[in-house]
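Chain by chain, the residues run as shown.
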Number of protein chains: 2
Amino acid sequence: MATRVAIVVAAGRGTRMGAPDKVLLPLAGRPALAWSLRAAAAAASVDAIVVVHGEHTGARIAALVRQMATTKPVRLVAGGDRRQDSVANGLAAAAVDLWATVVAVHDGARPLATPAMFDAVLDAAERHGAAIVATPIVDTLKRVADGMVVETVPRDGLWAAQTPQAFSVGRLADALDEGDRRGLTVTDEAALFEALGWPVAIAPGDPANLKLTHPGDIPVLEALLWAREGRG
Amino acid sequence: MATRVAIVVAAGRGTRMGAPDKVLLPLAGRPALAWSLRAAAAAASVDAIVVVHGEHTGARIAALVRQMATTKPVRLVAGGDRRQDSVANGLAAAAVDLWATVVAVHDGARPLATPAMFDAVLDAAERHGAAIVATPIVDTLKRVADGMVVETVPRDGLWAAQTPQAFSVGRLADALDEGDRRGLTVTDEAALFEALGWPVAIAPGDPANLKLTHPGDIPVLEALLWAREGRG
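Fair warning: this is a prediction, and the values are worked out from it, not measured in the lab.

Caption draft 1: Quick peek at the overall build of chain A. If you tally the helices and strands in chain A, you get seven helices and 11 strands. Over its C-alpha trace chain A gives a radius of gyration of 17 Å, about what one expects of a compact globule, namely 17 Å for 232 residues. Expressed as lengths along the three principal axes of its C-alpha atoms, the size of chain A is roughly 50 × 40 × 35 Å. Within chain A, the proportion of its 232 residues that are buried is 53%. The long-range fraction of contacts in chain A, counting pairs at least 24 apart against all pairs at least 6 apart in sequence, stands at 73%. Charge separation in chain A, taken as the distance between the mean sites of 23 positive and 25 negative side-chain charges, equals 3 Å.

Caption draft 2: The pattern of salt bridges, seen in detail. Scanning all chains against the criterion turns up 34 salt bridges over all chains. Here B:Glu178 and B:Arg182 are joined by a salt bridge, their closest N and O atoms 3.0 Å apart. Residue B:Glu178 and its partner B:Arg182 are both found in helix α5 (residues 169-182); the two are separated by four residues, about one turn of the helix. Take B:Arg182: its relative accessible area is 45%, and that puts it in the partly exposed class. Each member of the salt-bridge network shares a partner with another, and the members are A:Arg83, A:Asp107, A:Arg110, A:Glu189, A:Lys211 and B:Asp139.

Caption draft 3: Structural detail: unusual backbone geometry. Here A:Thr163 and A:Pro164 are connected by a cis peptide whose omega angle stands at 10 degrees. As for its placement among the helices and strands, A:Pro164 is situated in strand β10 (residues 158-168). In the Ramachandran plot, A:Trp99 falls in the positive-phi region, its phi being about 60 degrees despite a non-glycine side chain. Secondary-structure assignment places A:Trp99 in the loop between α3 (83-96) and β6 (102-107). Even without a glycine there, the phi angle at B:Ala28 is positive, about 50 degrees. Structurally, B:Ala28 can be placed in the loop between β2 (26-27) and β3 (30-31). Under the relative-accessibility criterion, B:Ala28 is labelled buried at 5%.

Caption draft 4: Expanded view of the interface of chain A and chain B. Between chain A and chain B, the contact holds 47 residues from the first and 47 residues from the second. Together, the buried faces of chain A and chain B total about 3,800 Å²; carbon and sulfur atoms form 60% of this surface. Remark: the boundary between chain A and chain B carries six salt bridges. The shortest N-O distance in the salt bridge between B:Asp188 and A:Lys142 comes to 2.9 Å. At the boundary of chain A and chain B, one finds 20 residue pairs in polar contact (both at pLDDT 80 or more). For the side of chain A that touches chain B, the secondary structure elements donating two or more residues are β8 (140-145), β9 (148-153), β10, α6 (190-195), β11 (201-204) and α7 (217-231) of chain A. Among the elements that take part in the side of chain A that touches chain B, α7(A) stands out by supplying seven residues, more than any other. When grouped by side-chain class, the residues that make up the side of chain A that touches chain B number 25 nonpolar, nine polar and 13 charged. Where β8(A) meets strand β10 (residues 158-168) of chain B, four bridges bridge the pair, whose relative direction is antiparallel. Paired with A:Lys142 across the bridge in β10(B) is B:Trp159.

Caption draft 5: Representation of the relation of the copies chain A and chain B. Overlaying chain A with chain B gives an RMSD of 0.0 Å, the required rotation being 180 degrees about an axis along which the chain moves by 0.0 Å. What the superposition gives is, in effect, a two-fold axis relating one chain to the other. Rotation axis and chain A: the residue whose C-alpha lies nearest the axis is A:Ala223, separated from it by 2.9 Å. Taken as a fraction of all interface residues of chain A, those also at the interface in chain B reach 100%, which identifies the copy contact as same-surface.

Caption draft 6: Region of interest: the side chain of A:Thr135. Looking at where A:Thr135 falls in the secondary structure, it is placed in strand β7 (residues 130-136). Not counting residues within four places of it along the chain, the set of residues in contact with A:Thr135 comprises A:Trp159, A:Ala160, A:Gln162, A:Gly205, A:Asp206 and A:Pro207.

Caption draft 7: Up close: the pairing of β6(A). Residues and elements named next belong to chain A. The element β6 is extensively covered by neighbouring structure, given that six of its six residues are classed as buried. Side chains Val102, Ala104 and His106 project from β6 onto one buried face, and the interleaved Val103, Val105 and Asp107 project onto a second face that is buried too. Summarising the sheet, strand β1 (residues 4-10) and β6 pair through six bridges and their orientation is parallel. Residue pairing across strands places Ile7 opposite Val105, the latter belonging to β6.

Caption draft 8: Structural view of the packing of aromatic side chains. Residues and elements named next belong to chain A. Tallying each qualifying case throughout the model produces four aromatic pairs over all chains. Taking 5.4 Å as the distance between ring centres and 80 degrees as the angle between the ring planes, the aromatic pair formed by Phe193 and Trp198 counts as edge-to-face. Under the relative-accessibility criterion, Trp198 is labelled partly exposed at 24%. Positioned above the aromatic ring of Trp198, the side-chain terminus of Arg171 is 5.3 Å from the ring centre.

Here is what the cut-offs are and how they apply
Residues numbered from 1 in each chain as written. Chains lettered and ligands numbered in written order. Predicted model: local features only at pLDDT ≥ 70, side-chain atom pairs only at ≥ 80, totals over all residues. Heavy atoms only, no water. Helix = DSSP H or I, 4+ residues; strand = E, 2+ residues; numbered from the N terminus. Rg over C-alpha atoms; globule rule 2.2 N^0.38 Å. Buried < 20%, exposed > 50% of the residue type's maximum accessible area, 1.4 Å probe, protein only. Contact = heavy atoms within 4.5 Å. Lys, Arg positive; Asp, Glu negative; His and termini not counted. Charge placed at Lys NZ, Arg CZ, Asp CG, Glu CD. Salt bridge = Lys/Arg side-chain N within 4 Å of Asp/Glu carboxyl O. Buried area = accessible area lost by both parts, 1.4 Å probe. Polar contact = N/O pair within 3.5 Å; in protein donor to acceptor, adjacent residues only side chain to side chain. Nonpolar A, V, L, I, M, F, W, Y, C, P; charged D, E, K, R; others polar. Pairing = 2+ DSSP bridges. Least-squares fit on C-alpha atoms with pLDDT ≥ 70 in both. Phe/Tyr/Trp six-rings, centres within 6.5 Å; stacked < 30°, edge-to-face > 60°. Lys NZ or Arg CZ within 6 Å of the ring centre and 35° of its normal.

This is the structure we're talking about:
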């Protein structure tokens, strides 16, 4: 029987945000992470959740998890130095404690992911071994140095990767190990699969599934969350 | 005396949108183009406006322009085959009728541009000859073929170009001519400057300054417009 676990990563340093606890910043009345967890818990395909907390956010995230309105099992684990170390810790809990066969890794700082995205990306990962939510690039891309444009980069075939990203548990464990052996540091786990030549499928993302990265993102995310709640 | 003219391009075919008159689609109670025009008209740095209409939208856009609450001169001209042909038509009107020395080219389908963006990009163009509004890429970029990821593309130094984009009138005219001579088709006019080795500066954009490209963008743009109006 397939067991599908969402690993919600909330261990980032928030360097670009200037806030080490950015996933706990309030957005439309709730911490960013609370929205991310709600989406994972509401996905029919998700059987259980692992939350990966940061060095100084364990107690506050534990309190948030206790308030979650879900009957699904939720485990809390500490993160590591790099994003991929945090995912490895989450994966260990998902595989050992929760018997996961496939996992969906999600950024706690993406509060606008939907349950349907979890369902779609987990389904694609079961067929292909790995899948990511992504959207095609529509803006013209420029390479910039010292505040000046260097060149236009062809955008044909370029997509912006979002999360959730889903992986078969065995393959993700192997990919993380091999990444360590090769000394690779990546911005998402799919990059490890690519480095190993393993297939990664695309599931349709949403332009609204934005990540809280810079302070300027706050009003944008809040507007989208309020609008969704008003519609819901 | 510098004369600064905003050229608002509303002549696109809306292929990805499935709507040839996408700039006239209602967003938060007003056509997308009405929001774009309001931002241009409200910018202190903008002395006059040229609106470039499409093949079948001239009458409706003329009606929209008549309703604009601005005392600034507004001219309406027909677009051309490609985006750069439409800009060339707008530039001719700006330069000949309105004595422009610098122009800010803006997509009619970007309703969330702000007057401050027009001010910043026109100021930068007067210092450097050309400038674009842009934001750093924060998502991981993937090259995709046939629904599968091919590779991760390094995002370091990559920015997403938005509009407005501003240019000295003489340089933009030369760049458009040279682009025709070389047979270049571009997705923004800054690319012509880059091809000629001319400097293009960056002015800070905003993650909310999204373009109406796909039907899925409509709820996102509406949420952002409603939130801005509520705050304003």
